[in-house]
Amino acid sequence: MAKTIIISNRLPVQLQISNGTITAIPSVGGLATGMKSVHSGGDSLWIGWSGLTDEETPDELESQIDDALAEHGSSKVKLTQNEVDGFYFGFSNRTVWPLFHYFMEYSEFEWESWEIYKSVNQKFADAILEKADNDDVIWVHDYQLMLVPQMVREKRPNVSIGFFLHIPFPSFEIFRTLPWRKEVLAGLLGSDLIGFHTYDYERHFLSSVRRLLGPEVSFNDIYLDDRVIKVDSFPMGIDYKKFSEAAKEHAQRDESKKSELQKRLDTHKESTPDAKFFLSIDRLDYTKGIAKRLNAFEYFLNKYPQYKEKVRLIILAVPSRSNVPQYQLLKKEIDELVGRINGELSTVSWTPIWYFYRSMPFDNLIDLYTTCDIAWLTPIRDGMNLVAKEYIATRTDKTGVLILSEMAGSANEMNESLLINPNNFEQIADTLDKAINMPKEEQQQRNTLLRKRLERYNVEKWANDFMNSLLNQKEKDRTYISRRLSVDLMNTVMKNYKSANKRLVFLDYDGTLAGFHKDPQMAKPDEELYKLLDEIAAQEDTDMYLISGRDKETFTKWFMHKEYNMIVEHGVWISRMGKTLECWKR
Ligand code: ADQ
């Protein structure tokens, strides 16, 4: 039975080693949830890195780890610390991540990390090849594994491969600066289906493929050798029900069940009932525009001083990639900015910014989403941004205002939010003012539409749409697409032809044996063609037929004397060895 194999850098489980025992805890992230409908039952396998390097894994625990992962339908790719450094912290996060988010000045082009990226991609491909059968369906995730599709395709030409990029695909002018741009495109083109969050990313990708590799591209189909690759957009959704139900449950909690954080938030709300809470939640990443947001907040308070002591910005930043120098610098910059702004503006009863640098449990995220009046997300560039969607899903009474950067992929689907350019402080300050004063009815009108859309296009629908499209693509490729004669295919045809005991050869005339001509009578056979046909017809155990829609008179004049077999007038007249077949004489 055909399997589904999912591949991502990290597995959807976290391993914990304590006192020599291994526990695998399923992750609760968006991807893991979205893939539930795809990754369930015994016919699917998830391949990825476990999060523990070889150096961190005692040999005697290897088989225990394998067993623990197998219980979650997962299988590990082993990586050394050096590989994680070069492949993940190196090429993925110091080259691809900044470049694809238009931070060209942060992109490092280092030969060594590229080499490690290639070899680790090969490790992932080998792990797939070890488990994959020809009729399996393989779904590769994200920018860490862009070479995997072609590496698998080379060894398993008939397998179905889909690839989804979770980050933006940049414009050609940016992408072309990558020294290994052709290799990356060739890697991706091993897929049957390549998915992006938005139409813009899809368009950028097609343009790079056209300009750098030059294959035929028609709408969103790429014709490469003997394959057709489909490129399409699949905007990722969230587990709407999970967020919406959690928010409902929180709303019904009595005092004793509330979290400490919720109690603190309630106390502040009660002491200043008119005060508005702004919320931003992101991984601490330069693409998320956290420093810009802090500066814009200061700008806003100077432009609208009446809101001093009336608003509070809660910033939750999740530690991320702290081994990469850019992230260390960013952390320092943000710490300093928060310190400076709070230092300058705080009063005895008011701290303008509450800054949390940590990961929070789901329960606390819901507390923040449901308590804060305004979510303010200002990525400078973001593939999608799920936080925007999560905020709206938790607003079960439909109040709340979402201010969202137009540079986030989600802005395409969230037009009812207040869209801003994260670089335009004037616009941001005015939008914050508008959000503070937005009547409840308007908030509800906007959020009703947003919520309906998020409920319908949830993460499960996203995963199913992608899988269905991948399966259809394979079917289409098998059924309708004429194969281009690649060298490999030609060699196979020649080999089989030579070794066949008996051969039946049909040769089309116009456009095959002779070129198309304005006057069809001019497309006469010449001596070279007669010679070729004589040679084929004379081969032992070979039946050769000329086929054509042309009239029988022309073909009789041209070929009857040669006694070739012919099927003419679209099959209405057939002749064999110079004689009209009896059954066709009537
Ligand atoms: P990310 O850059 O990680 O993902 P995002 O889409 O916003 O960005 O997802 C973050 C997730 O982490 C959310 O589900 C959120 O709830 C959770 N989270 C954030 N802060 C947290 C905290 N302090 N504690 C716990 N959880 C927290 C990449 C791309 C995005 C794209 C996604 C999915 O960069 O553009 O939307 O993949 O494709």
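Novice: Where do I start with the site of the ligand in this structure?
Specialist: Surveying the vicinity of the ligand reveals 21 residues, the closest of which are His 166, Arg 283, Asp 382, Met 384 and Glu 390. One nitrogen or oxygen atom from the side chain of Asp 382 is found 2.5 Å from an oxygen atom belonging to the ligand. Separating an oxygen atom of the ligand from a backbone N or O atom of Asn 385 is a distance of 3.0 Å. In the complex, 82% of the free accessible area of the ligand, which totals 720 Å², lies under the protein chains. Listed by contribution, the elements that provide at least two residues to the shell around the ligand are strand E12 (276-283), strand E13 (311-318), helix H13 (362-371) and helix H14 (386-394).

Novice: Please explain helix H11 (residues 290-303) as it appears in this structure.
Specialist: In an α-helix, one turn spans 3.6 residues; hence positions three or four apart end up facing the same way. For H11, with 14 residues, the first-to-last C-alpha span of 20 Å sits near the 20 Å given by 1.5 Å per residue. Within H11, burial applies to Ile 290, Ala 291, Arg 293, Leu 294, Ala 296, Phe 297, Glu 298, Phe 300 and Leu 301. Where the residues of H11 are buried, they touch E12, E13, helix H12 (325-345), strand E14 (353-357), strand E15 (374-377) and helix H15 (425-436).

Novice: Is there a simple way to think about the environment of Tyr 509 in this case?
Specialist: With respect to the secondary-structure elements, Tyr 509 resides in the loop between strand E18 (503-508) and helix H19 (527-538). We classify Tyr 509 as buried; its relative accessible area is 0%. Sequence separation of Tyr 509 and Ser 44 is 465 residues, and the distance between their C-alpha atoms is 49 Å. Leaving out residues up to four positions away in the same chain, Tyr 509 has contacts with Ala 514, Ala 523, Lys 524, Pro 525, Leu 529, Ile 547, Ser 548, Arg 550, Phe 555, Trp 558 and Phe 559.

Novice: Help me understand the nonpolar core in this model?
Specialist: Within soluble globular proteins, side chains that are nonpolar tend to cluster in buried spots. Ile 138, Phe 205, Phe 278, Leu 294 and Phe 300 are the most contacted members of the largest nonpolar core, which has 101 residues in total. Residue assignment places this core across two domains, with domain 1 (4-233) and domain 2 (240-441) each supplying three or more. Counting 33 residues, the second-largest nonpolar core is a separate cluster that includes Val 387, Leu 402, Met 414 and Leu 450.

Rules and cut-offs
Residues numbered from 1 in each chain as written. Predicted model: local features only at pLDDT ≥ 70, side-chain atom pairs only at ≥ 80, totals over all residues. Heavy atoms only, no water. Near = heavy atom within 4 Å. Polar contact = N/O pair within 3.5 Å; in protein donor to acceptor, adjacent residues only side chain to side chain. Areas by Shrake-Rupley, 256 points an atom, 1.4 Å probe, with all protein chains shown as cover. Helix = DSSP H or I, 4+ residues; strand = E, 2+ residues; numbered from the N terminus. Expected span 1.5 Å × (residues − 1). Buried < 20%, exposed > 50% of the residue type's maximum accessible area, 1.4 Å probe, protein only. Contact = heavy atoms within 4.5 Å. Core = buried A, V, L, I, M, F, W, Y, C linked by side-chain atoms within 4.5 Å. Domains from an automatic or database assignment.

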